Structures are given as structure tokens and as C-alpha cells.
Amino acid sequence: MSKTIIVSNRLPLQIKLNNDELEITPSVGGLATGMKSVHKDDGGLWIGWSGLTEEELNESLEKKVDKAVAKENCASVNLSQNDIDNYYFGFSNRTLWPLFHYFMEYTEFEKDFWESYKRVNQKFADVVIENLEDGDKVWVHDYQLLLLPQLIKDKRPDVSIGFFLHIPFPSYEIFRTFPWREELLTGMLGSDLIGFHTYDYERHFLSSIKRILRLDVKFNEIIYHDRIVKVDSFPMGIDYKKFHEAAINHTELNTNDKSELQQRLDDHIQASQDTKLILSIDRLDYTKGIPNRIRAFEYFLNKYPEFKEKVRLIMLSVPSRSNVPQYQLLKKETDELVGRINGQFATVSWTPVWYFYRSMPFDNLIDLYTSSDVALITPVRDGMNLVAKEYVATRTKKDGVLILSEMAGASKEMNEALMINPNNFEQIADAIKQALEMPIEEQISRNTILQKRLERYSVEKWAHEFMKSLDATKNLGQVIVSE
Ligand code: GDG
């Protein structure tokens, strides 16, 4: 029976090494959930890095890892510490990530990073090819593996290959600065279907294809050698049911079953019924607009002083890529800004910003989503932003207001949110005021529409639509042959 091979940088598993014993737990992230029907229910295989470097594994441990991941329908690609430093922290996170998010000043064009990226993409290709059987399809994920589709296609032209980019594709003017731009584009063109979150990213990609490779593009189809490569947008959804049901169960908890965090949040709500909570959750990443958010909140408190002691910003910032220098600088800047605003405005009974620098278990995430009156999401660039969708999904009474940056891919599908430009503090301050004063009927009417849309376009539906479209590309190839 033919299967689908999913390929991503990391396997959907957390693997820990404990005195030569392996502890394996499945990841519960959005991608893993969305791909479940393609992966496990369909007899598929997931290929990726296990999270343990070659240096951490001796021969017998490597065999143990292979055996353990095989049980989860996975196969691992072995990477060395040098690969991780250069391909992952280097080329992926210091070149592609900043460039594709329009942070030119952070982008490093390092030949060594690029060479490592090519080598590691080849390592992935070898494992994919080793596991391919006739009739299999391949779905490659994200910016760490842009060269992989062509590496597979070269060896197995018969195989259908889909590629999905989870981050923005930048405009031609940005992309053209990239020294190895032709190689990157032709790497992607090994796919039969290339998917993006939004139509804008698709448009930017096609423009680079036309202007850099000078290829013919008809609507959303690229004529490439004797093949057609289809390009389309597939906005990724969330596991709506999981978030919505967790929120329903959460409201039914007895006091004794509540988390410590929830008890603190309840205390806060009880202490002053008219004090509101504004929430933000993101990885500590310079694309997420964290300093902008804090500065805009400070601006809001200065512009509308009547809200002092009546509102609190809860910021959950999850540590991320902390060995990359820009992330260390951002951490410092965030600490200082939070310190400044708390120092300036706090009273004996009120701290304006509650700041958590850590990741939290899923239940605490639900505590935060369900207790907050407003979600303030201000990325300066973001492929999609699933947090915006998760917040809305947990509003079981349909109250709550989402303030969303127009620079997030999610803004294209969430028109009922209060939309802001993350660089316009005046506008953010006014949106915060509007959100805090929004009549409950208006909140319900906005969230009703948003929830319906999120429920319909869940992450399972997203994966299904992508696979359906990939299957349909098989017929496109025949059109060319018969012309
Ligand atoms: C990339 C793109 C695109 C966060 N903190 C905790 C936690 N989370 C979960 C959230 C959410 C996910 O992590 C974050 O997803 P985002 O979409 O917001 O952002 P990125 O990590 O940057 O993801 C992005 C996405 O890929 C998908 O294509 O939307 O644009 O940058 O699901 O709930 N989960 C737990 N504890 C935390 O502390 N358990």
C-alpha cells in the first residue's frame, strides 16, 4: 500500500536521554495534530531529526533511537553538532528566518552556513529515498528544507512531492538580495505543489520565479522543464475542537482542581471586578513585535490614565533560539522595558505587566486564554500566528476581543478582529481602549463569525485540502505531455 512521507526538521517526538535510557513522548503541537490523519491513520512515515546529535549517540544508542522512533512510524536523520550549529542555528535561523521576515539587517550571508545547509538537505534526501516505495507521496515542511524537493525529484521523478512554507515568502526586492537565490528557487521547484499560508506569499514567490528564473507562469502554475508546478495558498488552521473542549472542561473545574496560576488569576479577577486582563503569548522572537507591544501599552497608560489600576498585561514569552545573538539582545530589551513600565506605573496593589519567560503546560495556556478579556497580538511579521486563532477558539461564551497585527498571515482570515499596524502606537492604544469598552453584544457577534470559520477550517481540513490538491497535480503533468 502506498503511503505519505512527511518530512520536517524535527520529528514530532520529544526524545530525552536518561542514563542511556530513552524517554519518548509524542509532541502535541499544531503540526503534529494536523498531520495525524496523514501520518498515523494512513500508515504514513515521518522523517526528521530526533533532537539528539551524533555526538550524544553511540552506535547502540543510535539503534535504540531508530527502533523507538520506528514504533511511532518515524525515521530519524542523523545530524552532528556541527550540522546543527551551521545548518539550523546558522543558515536556517540567521539567514533564512530574518531575510524571509524582512529583517535584512539581521541576515548573515555566510558561505559555510550555506554549504552546511546543502549537505544537511542531502542527508534528509538520502533518508527519504531509502524509505520510498512505489506510489508513495512526500510532503516536505518549511524553510529548513527548501532544497529537498529537487534532491528527491532528481532521483525519483515518479514521486509526487508537496512543499509547505510556514513562514512568509518575502517580496522580490528582498528575496533578490539572497546570494544563492537561483539554487533555492530551483530546490523548491522539485515539488509538484507548493503551498503558502496566504495569497500574498504565493504572489511574492511567483514574482521571484518570473523575474529571477524567467520561467513562464500561467495563473498559479509554473511551467518547469516538462512539468507543471502548482502554487496555492492553504491557510493553516488549529485543532479547534481540542481548544474549545479544553476551555469548556476548564470552566467546570472545582476550586481544588484548579492550577496555581488559575487561582492567582481568579484572585485577581475577584479583587477588582472591573480590572481587565490583556494577554499575549509568543516565542521570544524579534518578529513577534514584543518591544512594540510593551511600548504601545505604556503609551496607552499615558494617553488614557483613567485605565491605571484597571488593566494588566500578561505576557508569556517562551524562550527560543537563545544562542543566537539577536535573541539575547531582545531578551535584554524586553526585561528592561518591562522593568521600566512596572517601575514607572506600579502601585502597592497593582503591577501593570506580569511577565513570564518560560514555556507552560497546555492546561496553563488554557487558564490564560480563558481568563483574558483581550488578546493583544502584535507581530511585525508572522507567517500565520496560531495563538490568535487559539484565543478565539477558547472563548466559549463568545466574549473577549482579539487585537491583531495586519502583518500576521492570520489577519487575512480574521477580519472581525481589531486590526492594527504594529508600528502605530497611537492606533494600538486606541484599539486597546476600544477593546476594553466594547459592548458584550459586539464581542459576541464578532466571535461568533470567527469561531464558525475556525471550526470549519481546522488543521485537519488544512492537511486534507493540501493532500487533495497534491493528488490533483498528477493530472496536470499529463496536460503538458498531450499538448
Ligand atoms: C511558525 C510561524 C505559523 C506557545 N507557547 C506555549 C505553547 N505555544 C504554542 C501555541 C501555538 C504555537 O506554540 C505557536 O504558534 P505560532 O503560529 O503563534 O508561532 P510560531 O512558533 O512562530 O510558528 C507562524 C506557524 O509556524 C504554523 O505554520 O503560524 O507564523 O512563525 O500553538 O499554543 N504551547 C505550550 N506552552 C507554551 O508555553 N504548551
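Everything numeric in this text was worked out from a predicted model, so none of it was measured. Here the residue index of a chain counts from 1 through its sequence in written order. This being a predicted model, a pLDDT of at least 70 is required before a residue's local features are given, and a value of 80 or more before pairs of side-chain atoms are given or counted; all residues contribute to the totals for chains, interfaces and linings. For side-chain calculations, the full set of non-hydrogen atoms in the structure is used, while hydrogens and water are omitted.

A. Structural view of the overall build of the protein chain. Counting from the N terminus, the helices are the DSSP runs of H or I reaching at least four residues and the strands are the DSSP runs of E reaching at least two. The helix and strand inventory of the protein chain stands at 18 helices and 17 strands. In this treatment the radius of gyration is a C-alpha quantity, and the globule benchmark scales as 2.2 Å times the residue count to the 0.38 power. Taking 23 Å as the expected radius of gyration for a compact globule of 483 residues, we find that the protein chain reaches 23 Å, a close match to that expectation. The principal-axis extents of the C-alpha atoms in the protein chain amount to approximately 70 × 55 × 40 Å. Only protein chains enter the calculation, and the probe is 1.4 Å; a residue is then buried if its accessible area is under 20% of its type maximum, exposed if over 50%, and partly exposed in between. Per-residue burial for the protein chain yields a buried fraction of 56% across its 483 residues. Counting contacts in the protein chain only where the partners sit at least 6 residues apart, residues at least 24 apart contribute 77% of the total. Areas reported here follow the Shrake-Rupley algorithm with a probe of radius 1.4 Å; residue values treat only the protein chains shown as occluding. As displayed, the protein chain has an accessible area near 20800 Å², and 48% of this comes from carbon and sulfur atoms. Within the protein chain, one finds 59 positive and 72 negative side-chain charges whose respective centroids are separated by 3 Å. Contacts: residue pairs with any heavy atoms within 4.5 Å of one another. Counted as positive: Lys and Arg. Counted as negative: Asp and Glu. His and the chain ends are not counted at all. By convention, the point assigned to a charge is CZ for Arg, NZ for Lys, CD for Glu and CG for Asp.

B. Representation of the pattern of salt bridges in the model. We define a salt bridge as a side-chain nitrogen of Lys or Arg found within 4 Å of a carboxyl oxygen belonging to Asp or Glu. Going through the model one piece at a time under the given rule, you end up with 35 salt bridges. Several salt bridges share partner residues, and in doing so they unite Lys3, Glu133 and Asp136 into one network.

C. Broad picture of the site of the ligand. We call a residue near a molecule or strand whenever a single non-hydrogen atom of that residue lies within 4 Å of it. Taken together, 20 residues lie around the ligand, and His166, Met360, Asp382, Met384 and Glu390 are the ones closest in. Within the side chain of Glu390, a nitrogen or oxygen atom sits 2.5 Å from an oxygen atom of the ligand. The fraction of the free accessible surface of the ligand (730 Å²) that becomes covered by protein chains is 79%. For the shell around the ligand, the elements supplying multiple residues, two or more each, are strand S12 (276-283), strand S13 (311-318), helix H14 (362-371) and helix H15 (386-393). Among the elements that take part in the shell around the ligand, H15 stands out by supplying 3 residues, more than any other. Note that Gly is not counted as nonpolar here; it falls among the polar residues with everything else outside the nonpolar set of Ala, Val, Leu, Ile, Met, Phe, Trp, Tyr, Cys and Pro and the charged set of Asp, Glu, Lys and Arg. Residues belonging to the shell around the ligand are distributed by class as follows: 11 nonpolar, 5 polar and 4 charged. Each polar contact in these results corresponds to two N or O atoms within 3.5 Å; when the atoms are within protein, one needs to be able to donate a hydrogen and the other to accept it, and residues that are neighboring in sequence are counted only if both atoms are side-chain atoms.

D. Here's a closer look at the packing of aromatic side chains. Side-chain rings of Phe, Tyr and Trp (the six-membered ring for Trp) are treated as a pair once their centres are within 6.5 Å; stacked means planes under 30 degrees apart, edge-to-face means over 60, and tilted covers the remaining angles. Taken as a whole and judged by the stated rule, the model has 35 aromatic pairs. Relative to Phe89, the ring of Tyr88 lies with its centre 5.0 Å away and its plane at 70°, an arrangement referred to as edge-to-face. With respect to class, Tyr88 is no different from Phe89; both count as buried. Ring geometry for Trp139 and Trp462: centres 5.2 Å apart, planes at 45°, overall tilted. With Trp139 in strand S6 (residues 137-141) and Trp462 in helix H18 (residues 459-482), this residue pair connects regions lying 323 residues apart in the sequence. Taking the relative accessible area as the measure of exposure, Trp462 reaches 3% and is therefore buried. By the criterion adopted, a ring carries a charge over it if an Arg CZ or a Lys NZ lies within 6 Å of its centre and within 35 degrees of its normal. Sitting over the ring of Tyr357, Lys331 keeps its end group 4.6 Å from the ring centre.

E. Highlighting the sheet that holds strand S1 (residues 4-10). We treat two strands as partners when DSSP finds at least two bridges between them. Spatially, the 9 strands line up as an open sheet ordered S5-S4-S1-S6-S7-S8-S11-S10-S9, and their pairing is mixed. Taken across any chain shown, the strands that pair with only one partner, and hence form the sheet edges, are strand S5 (74-77) and strand S9 (217-218). As paired strands, S6 and strand S7 (residues 160-164) are joined by 5 bridges and run parallel to one another. Opposite Val140, over in S7, you have Phe163 as the bridge partner. Set on the sheet, helix H6 (residues 148-155) makes contact with S1, S6, S7, strand S10 (221-224) and strand S11 (227-233); between it and S7 the angle comes to about 175°. Only the stretch in contact is used when a helix axis is fitted, and all axes are lines through C-alpha atoms; the angle between N-to-C directions ranges over 0 to 180 degrees.

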